[in-house]
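The chain contents come next:
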Amino acid sequence: MFRSHLIQWVKGAFAINKTPFPLSRALCAGICSATPTLIGILFNHFSYGLMASIGGFAYLYVWNEPYLQRAKKIFLVAASFSVLMMLGVLTSSSTILFSLLIGLVGALVTFIFGALKIPGPASIFFVMIFSMSSATHPDPHLAWLYGGLVMLGGIFSWIVAMIGWFWHPYGPETKAVHAVYTEIARLIDKVGTDQFDLACEKTVQILNNADTVLLAGYSPWHSSLSYKRLYLLNNQANLIFSDILELVADGYTKLPKEVGQSVKALADLIDNPSSGVKTILQPKETTQKISALLSKIYDADAILNKTLKNINAELNISKPSAFKSLSHALDKDSIVFTNSIKYGFVLIIAALIAFSFDFQRSYWIPASCAAVMMGSTIISTFHRAIQRSLGTILGVLIASVILYNQPTGILVALCSLVFSFFTELFIVKNYAFAVIFLTPNSILIAENTTQINNLSFFATTRVTDIIIGAIIGLIGVLLIGRRTASSRLPNIIAKTIRSQSELLFNLFSAQTQYSATDRTNKMSKMQINMTNLRTVYTTALGELPSNKTLDFLWPTIASLEQLSFHLSSLNQTSQSVVLEEENLSKLLYLFESMAKNMEQQQITAKHNVPLIKGYGKIKKEILNLQDALNLYQTRVTNQT
């Protein structure tokens, strides 16, 4: 049994993702890595160019975020790299202080990226750059120079990252809204089929992603007409999706094909406004509710085809502060907080082992440990350990051969370009392939001045350091995080249900003291709980030994996500919906019963859900949530 699982895990480490190659991103990464070195050669300061190329790693944090967010993120990453280089140079002579700072850097960056849901490689390059600062036992007096050079390389990466703004300043936002309309068109075609529920889940995810992207691109000081158009189109997509769910809740098992074709035509126009395709197609037979859906599609078409000067809507957007998101993530049940602490602790252990013993270039040990622990689950950490070790062996061999031949500056710059290009090209396919190129690139930057007289000794030393780091990371995750996520799930689910109940009461209560700010705060709390729940659930799925009952918990997670989406959408419409006090009390009692039974691992009694006029989809989802909770509790009871 164990042998078969082991074989399966090893095979999983070499699975190839179907994500397309990011050619333009890979080329930009290569340019950011090689150009500082070439400039250093041009001014006869090759070593300065290599130091500045470390700032080129900042480009690796470019994602498909709006340019407004990208500008802030890449600048802060570059500045952080510069500060870490200076701090590392100043403290590298003290083993204990340097090790503690490595752990602090890893924990802090992991927490910030997790709490703010920032996409990218998180703490790995922060830890690597801080560790690399000790590579040549540098003179502390040169700390400002080294930090400044890294900042210059980071500024160049910032410029490359922002070039696309001149051609398509709202490219990421347009892509996100286009994806929404494309997915809704697919959803319409699946009404009445077995695939509809899965299609709903995917649509909710894409809608949430579009909301996140548009929110990130919003500036309270300036909102262009193009941004307003995309924002209004996204809001209209939410209304169209809501009507589709309402029709299904009312018993519709099929929608006219013209409805899906019209939405698909809108998606094509969003992606290519000059295509001139015909948008709205009127079905031959319709009903009042189908006509209501079509009217919303007409409204979307009007938003899309109006001239920019006719779009004067004032956007009422409440953007949660970063401080609030960080403070919520400090909750005792937050997996982001606990994982950050564990991550930092294991890094400290790795650094103390590395710098307390006579390892050559010992900084590779904590850097490898940091990379391995980036896995979101124990199984993915195991995969990372295999990928890191095997990829590193090949990468070290490549770097050793290059360094043994003492390459010239131009050749180093060319190698840096090629290695960075292939790192970014293959990172989306499999981490092991990316490490084959990431390793020699890092070694060339950090150790180009190393005189290699014994090729086999150099290669063996590097491989040994990196494998030790991978083993420390894997052991740390196995000892500290085996069952912590799954044990938290009942409480976090109960907490999420209660936050939904609070927002529901705020939305449907006849009391008028609840302001828009109160609703926004309740919605923010619910969304943070939902994000935390998804993270904990994903982590729990990768725990060892595996918990088979978690498979039956997915319908509950999906139903909670759907319900969160419906409540958030209702809050954004600012419509006043009042339930009778008796019906509202029944709903609140039902939510508290589900939360309490989840905490106590008891089967939830089936309650009637009062009708919310005009929002049958909410009633339907509450019923689905009850069924999902009962399915899970029944499985848990049978196993115990």
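Residues numbered from 1 in each chain as written. Predicted model: local features only at pLDDT ≥ 70, side-chain atom pairs only at ≥ 80, totals over all residues. Heavy atoms only, no water.

1. Things to note about the overall build of the protein chain
A count of helices and strands for the protein chain gives 24 helices and zero strands. Taking all 640 residues of the protein chain together, the buried fraction comes to 54%. In the protein chain, the share of contacts with a sequence separation of at least 24, taken over all contacts with a separation of at least 6, comes to 80%. Approximately 29200 Å² of the protein chain is accessible, and the part contributed by carbon and sulfur atoms is 62%. (Helix = DSSP H or I, 4+ residues; strand = E, 2+ residues; numbered from the N terminus. Buried < 20%, exposed > 50% of the residue type's maximum accessible area, 1.4 Å probe, protein only. Contact = heavy atoms within 4.5 Å. Areas by Shrake-Rupley, 256 points an atom, 1.4 Å probe, with all protein chains shown as cover.)

2. Quick notes on the environment of L411
Structurally, L411 can be placed in helix 17 (residues 409-426). Residue class for L411 comes out partly exposed when judged on its relative accessible area of 38%. It is 9.9 Å that separates the C-alpha atoms of L411 and L38, two residues lying 373 residues apart in sequence.

3. As for the packing of helix 11 (residues 257-271) against helix 12 (residues 288-305)
Here helix 11 crosses helix 12 at 15°, and the two axes come no closer than 11 Å. By the angle class used here, helix 11 and helix 12 are roughly parallel. The handedness of the crossing between helix 11 and helix 12 is left-handed. Of the residues in helix 12, those touching helix 11 at V259, S262, V263, L266, L269 and I270 are L293, L294, I297, A300, D301 and L304. Across the contact of helix 11 with helix 12, the residue classes break down as 10 nonpolar, one polar and one charged. (Axes fitted to C-alpha atoms, helices over the stretch in contact; angles between N-to-C directions. Parallel < 35°, antiparallel > 145°, perpendicular 65-115°, else oblique. Left-handed = near helix turned anticlockwise from the far one by under 90°. Nonpolar A, V, L, I, M, F, W, Y, C, P; charged D, E, K, R; others polar.)

4. What about the side chain of S420?
Structurally, S420 is set in helix 17. A residue is classified by how much of its surface remains accessible, and S420, at 8% relative accessible area, is buried. Once residues lying within four places of it in the same chain are set aside, the contact partners of S420 are A26, A29, G30, S33 and N441.

5. Overview of the nonpolar core
Formed by 75 residues in total, the largest nonpolar core has its most connected members in I54, F81, F125 and F126. Sorting elements by how many residues they give to this core places helix 18 (residues 431-447) first, with nine residues. Residues contacting F125, with those up to four places away along its chain left out, are F57, L60, Y61, F81 and L438. Of all hydrophobic cores here, the second largest spans 48 residues; its members include V180, Y218, V259 and V263. (Core = buried A, V, L, I, M, F, W, Y, C linked by side-chain atoms within 4.5 Å.)

6. Description of the packing of aromatic side chains
Throughout the structure, instances matching the rule amount to 23 aromatic pairs. Between Y61 and F81 the ring centres are 6.0 Å apart and the planes differ by 70°, which places this aromatic pair in the edge-to-face class. Pair noted here: Y61 is in the loop between helix 3 (46-53) and helix 4 (67-91) and F81 is in helix 4, with a separation of 20 residues, a long-range link. F81 shares its class with Y61; the two are buried. Judged by centre distance (6.1 Å) and plane angle (50°), the ring pair of Y170 and Y227 falls under tilted. One end of the pair, Y170, is in the loop between helix 7 (143-162) and helix 8 (171-189); the other, Y227, is in helix 10 (residues 225-249), with 57 residues separating them in the sequence. (Phe/Tyr/Trp six-rings, centres within 6.5 Å; stacked < 30°, edge-to-face > 60°.)

7. Here's the deal with helix 8
Working note: α-helix, 3.6 residues per turn, so residues spaced by three or four point in the same direction. Helix length check: helix 8 (19 residues) gives 28 Å between terminal C-alpha atoms against 27 Å at 1.5 Å per residue, within 8%. Buried residues dominate helix 8, accounting for 14 of its 19 residues. (Expected span 1.5 Å × (residues − 1).)

8. Re the confidence of the model for the protein chain
Taken residue by residue, the protein chain gives an average pLDDT of 83. The fraction at 70 or more is 86%. Element-level pLDDT for the protein chain is lowest in helix 1 (residues 2-13), with a mean of 61, against a maximum mean of 95 in helix 7. (pLDDT = per-residue confidence, 0-100.)

9. Notes on the pattern of salt bridges
Enumeration according to the criterion identifies 14 salt bridges in this entry. Where K296 meets D243, a salt bridge forms, and the shortest distance between an N and an O atom there is 3.1 Å. One end of the pair, K296, is in helix 12; the other, D243, is in helix 10, with 53 residues separating them in the sequence. Of the residues examined, K296 reaches a relative accessible area of 21% and is grouped as partly exposed. The exposure class of D243 is buried, given its relative accessible area of 17%. Where D268 meets K264, a salt bridge forms, and the shortest distance between an N and an O atom there is 2.8 Å. Here D268 and its partner K264 are both found in helix 11, four residues apart, which amounts to about one turn of the helix. Members of the salt-bridge network, linked through shared partners, are E65, R70 and K73. (Salt bridge = Lys/Arg side-chain N within 4 Å of Asp/Glu carboxyl O.)

10. Observations regarding a nonpolar patch on the surface
Side chains of F75, L76, L152, I155, W158, I159, I163, W165, F166 and W167 sit close together on the surface and give an oily, nonpolar patch of about 1100 Å² of accessible area. When residues of the nonpolar patch are traced back to their parent elements, those giving at least two are helix 4 and helix 7. The leading source of residues in the nonpolar patch is helix 7, at four residues. Following the sequence through the fold, F166 ends up in the loop between helix 7 and helix 8. For F166, a relative accessible area of 64% puts it in the exposed group. (Patch = residues over 30% accessible without salt bridge, like charges linked within 9 Å, V, L, I, M, F, W, Y side chains within 5 Å.)

11. Some remarks on unusual backbone geometry
Despite not being glycine, K117 has its phi angle at roughly 55°, a positive value. Relative to the assigned elements, K117 resides in the loop between helix 5 (95-115) and helix 6 (124-132). Here K117 falls in the exposed class, since its relative accessible area comes to 52%.

12. A closer look at the packing of helix 2 (residues 23-42) against helix 3
For the pair helix 2 and helix 3, interaxial distance at closest approach is 7 Å and the crossing angle is 160°. The angle between helix 2 and helix 3 falls in the class roughly antiparallel. Between helix 2 and helix 3 lies a crossing whose hand is right-handed. Counting all contacts with helix 2, which are made through S33, P36, T37, G40 and I41, the residues of helix 3 involved are F46, G49, L50, A52 and S53. Partitioning the contact of helix 2 with helix 3 into residue classes produces five nonpolar, five polar and no charged.

13. Some remarks on the environment of A292
By the secondary structure assignment, A292 is in helix 12. Spatially, the C-alpha atoms of A292 and D243 are 8.2 Å apart, while their sequence positions differ by 49 residues.

14. A look at the environment of Q387
Looking at where Q387 falls in the secondary structure, it is placed in helix 16 (residues 378-404). The spatial distance from the C-alpha of Q387 to the C-alpha of I436 is 9.3 Å, given a sequence separation of 49 residues.

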